[in-house]
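Observations on chain architecture
Chain residues, written in single-letter form:
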Amino acid sequence: MYDLVIVGSGPAGLSAAVYARRAGMHILVLERNPMSGGQVLNTYEVDNYLGLPGMNGFDLGMKFREHADRMGAEFAEAEVKGLAVQTDAGSTAPDGRAYTVKTDRGDFTARAVLIATGAEHAKLGVAGEEELAGRGVSYCATCAGAFFRDRTVAVVGGGDVAAEDAVFLAGICRKVFLIHRRDRLRAAAVLQERVKKLTNVEILWNTVVEEIKGEEQVSAVRIRDVISGEDRDMAVDGVFIAVGIRPNSGVFAGIADCDGGGYFVAGEDCATTAPGIYAAGDVRTKALRQVVTAVADGANAVAGIQDYFNGKELFRNNL
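Since the structure is predicted, the reported quantities are computational estimates derived from the model, not experimental observations. (Residues numbered from 1 in each chain as written. Predicted model: local features only at pLDDT ≥ 70, side-chain atom pairs only at ≥ 80, totals over all residues. Heavy atoms only, no water.)

**Brief notes about the sheet that holds strand E14 (residues 231–235)**
Note the cut-off: Two strands form a pair only when DSSP identifies at least two bridges running between them. A run of DSSP states H or I qualifies as a helix once it reaches four residues; a run of E qualifies as a strand once it reaches two. Both are numbered from the N-terminal end. Only the stretch in contact is used when fitting a helix axis, every axis being a line fitted to C-alpha atoms; angles between N-to-C directions are given from 0 to 180 degrees.
One open sheet holds the 3 strands; their spatial order is E12-E13-E14, and the pairing between them is antiparallel. Each edge of the open sheet is held by one strand with a lone partner, namely strand E12 (207–214) and E14. Neighbour-to-neighbour, the strand axes of the sheet open up by a mean angle of 30 degrees, direction not taken into account. Inspection of the sheet shows E12 paired to strand E13 (residues 218–225) by 7 bridges, in the antiparallel sense. In the strand pairing of E13, Gly214 is matched with Val218.

Take a look at the structure:
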């Protein structure tokens with residue numbers, strides 16, 4: 001039996017692996033992909049991780065994995081299929097329970113489980129999106145916006161995130177096009193008013209993106225007016241896609257409470273509403289989803305798990 005099984009090896013999972021090994025825990029990290037690192041692997045450049053400005057995202061992910069390897073973390077490539085509780089497993093957890101993580105490579109049992117499976121941005125599914133991801137195509141304005149200072153960008157979407165992205169980018173970019181497929185935004189009224197007051201933001205109503213163009217970097221988008229059917233190319237330096245985000249929590253449905261968006265309800269110690277189940281990184285409820293907050297979650301989660309093993313609760317009142 002492991003002390004801890006960590007599901008996912010992005011920044012949150014790898015940070016937790018390092019802290020857990022430093023705490024002397026017997027751990028296993030499960031990753032369904034051939035490489036650790038999570039979404040950061042697909043980021044061309046990370047410029048806001050403290051002490052490593054301009055770091056290539058792939059290299060940063062590899063450094064995280066190397067650190068966990070150096071600490072002696074055990075890894076297995078497997079896809080999780082489910083999670084079962086054992087209340088009479090003879091675990092040394094305070095309540096005697098343990099969890100069995102069911103995977104396509106067999107079952108693994110642990111005193112506690114950390115879910116660090118992240119979240120996925122909804123895609124447009126248009127030509128050029130995948131090829132230019134991290135090279136002008138981004139799903140996070142606060143992560144990549146600084147690279148487009150004094151340049152022209154497009155934001156695709158009509159909800160709160162798209163409106164917030166347009167407002168944020170308007171403060172650093174020369175011109176922002178907000179592309180929305182309908183004739184009205186879904187964003188909160190206060191956000192809509194802020195967007196409409198910005199002189200360098202132009203809303204393109206009833207418009208969809210057909211293709212993202214560029215060789216090494218984004219150079220233009222092909223857009224279509226859904227009313228007239230007219231297509232045209234519009235020169236832009238970057239495209240920020242804000243059409244939704246989905247936490248990778250589905251396989252764990254019912255194991256602990258989630259909010260309306262499917263994110264695990266968890267406080268600063270990353271403890272969910274199920275004893276011994278923790279959630280860290282983009283899969284939990286939080287205000288800011290970035291590499292630095294995911295890494296912090298990994299550390300906090302291990303501190304919480306240690307307190308759980310010792311019969312203590314550290315931040316429970318913050319839930």
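**Looking at the sheet that holds strand E11 (residues 201–204)**
What counts is decided by this rule: The contact rule is simple, with two residues in contact once any of their heavy atoms fall within 4.5 Å.
With parallel pairing, the 5 strands of this open sheet are ordered in space as E8-E15-E9-E10-E11. Among the strands making up the open sheet, the edge pair consists of strand E8 (137–138) and E11. Where strand E9 (residues 152–156) and strand E15 (residues 238–241) come together, 4 bridges link them in parallel fashion. Paired with Val156 across the strands is Ile241, a residue of E15. Its contacts with the sheet place helix H4 (residues 160–170) against E9, strand E10 (175–179), E11 and E15, and it is angled at close to 170 degrees to E9.

**Structural notes on the state of the cysteines**
For clarity, the cut-off: Disulfide assignment relies on a single distance test, namely cysteine sulfur atoms paired within 2.5 Å. Here the term buried applies to any residue with accessible area under 20% of the maximum for its type, exposed to any over 50%, and partly exposed to those in between, with areas from a 1.4 Å probe on protein chains only.
Within this structure, the stated rule accounts for 1 disulfide. In this model Cys140 forms its disulfide with Cys143; the gap between the sulfur atoms is 2.1 Å. Torsion about the S-S bond of the Cys140 and Cys143 cystine: about 70 degrees, corresponding to right-handed handedness. Exposure remark for Cys140: the relative accessible area of 15% places this residue in the buried category.

**A word on the side chain of Ser138**
Residue placement: Ser138 occurs in strand E8. When residues no more than four places from it in sequence are discounted, the contact partners of Ser138 are Ala144, Val239, Phe240 and Ile241.

**Concerning the pattern of salt bridges**
Selection rule: A side-chain nitrogen of Lys or Arg and a carboxyl oxygen of Asp or Glu constitute a salt bridge if their distance falls within 4 Å.
In the structure shown here, the tally under the stated rule is 14 salt bridges. For the salt bridge of Arg222 with Asp233, the shortest nitrogen-to-oxygen distance reads 2.8 Å. Of this pair, Arg222 sits in strand E13 while Asp233 sits in strand E14, and the two are 11 residues apart along the sequence. Residue Arg222 is classed as partly exposed on the basis of its relative accessible area of 31%.

**Remarks on the confidence of the model for the protein**
Definition in use: Note on scores: pLDDT gives the predictor's confidence for each residue, bounded by 0 and 100.
Averaged over every residue, the pLDDT of the protein is 92; the share at 70 or more is 95%. In this model residues 315–319 is a low-confidence stretch, pLDDT under 50, and it forms 12 contacts with partners more than four residues away in sequence or in other chains.

**Examining unusual backbone geometry**
Its identity is not glycine, yet Asp150 carries a phi of approximately 65 degrees, on the positive side. On the secondary structure map, Asp150 appears in the loop between helix H3 (141–144) and E9. Residue Asp150 is classed as exposed on the basis of its relative accessible area of 52%. Even without being glycine, Asn206 reaches a positive phi, approximately 50 degrees. Relative to the helices and strands, Asn206 resides in the loop between E11 and E12.

**So, the packing of aromatic side chains**
Aromatic rings considered in pairs are described by the distance between their centres and by the relative angle of their planes. Short version of the rule: Any two rings among Phe, Tyr and Trp, with Trp reduced to its six-membered ring, count as a pair given centres within 6.5 Å; such a pair is stacked if its planes are under 30 degrees apart, edge-to-face if over 60, and tilted if neither. Here, over-ring charges are defined by two tests on the NZ atom of lysine or the CZ atom of arginine: distance to the ring centre within 6 Å, and angle to the ring normal within 35 degrees.
Within the structure shown, the criterion is met by 4 aromatic pairs. Considering the side-chain rings of Phe148 and Phe240, the 5.4 Å spacing of their centres and the 80 degrees angle between planes classify their relative orientation as edge-to-face. Of the two residues, Phe148 is situated in the loop between H3 and E9 and Phe240 in strand E15; the sequence distance between them amounts to 92 residues. Assessed through its relative accessible area of 7%, Phe148 is described here as buried. Here Tyr308 and Phe309 contribute two aromatic rings whose centre-to-centre distance is 5.8 Å and whose plane-to-plane angle is 45 degrees, an arrangement assigned as tilted. In this structure Tyr308 comes out as buried when scored by relative accessible area, which is 10%. Given the relative accessible area of 14%, Phe309 is considered buried. A network of ring pairs unites the aromatic residues Tyr278, Tyr308 and Phe309 as a single cluster. Lying over the aromatic face of Phe75, Arg65 brings its terminal NZ or CZ to 3.5 Å of the ring centre. The lysine or arginine in question, Arg289, covers the ring of Tyr263, its NZ or CZ lying 3.9 Å from the ring centre.

**Side note on the side chain of His180**
Along the chain, His180 falls in the loop between E10 and helix H5 (189–197). Assessed through its relative accessible area of 2%, His180 is described here as buried. His180 has contacts with Gly157, Gly158, Leu185, Arg186, Leu204, Trp205, Asn206 and Thr207, leaving out every residue within four places of it along the chain.

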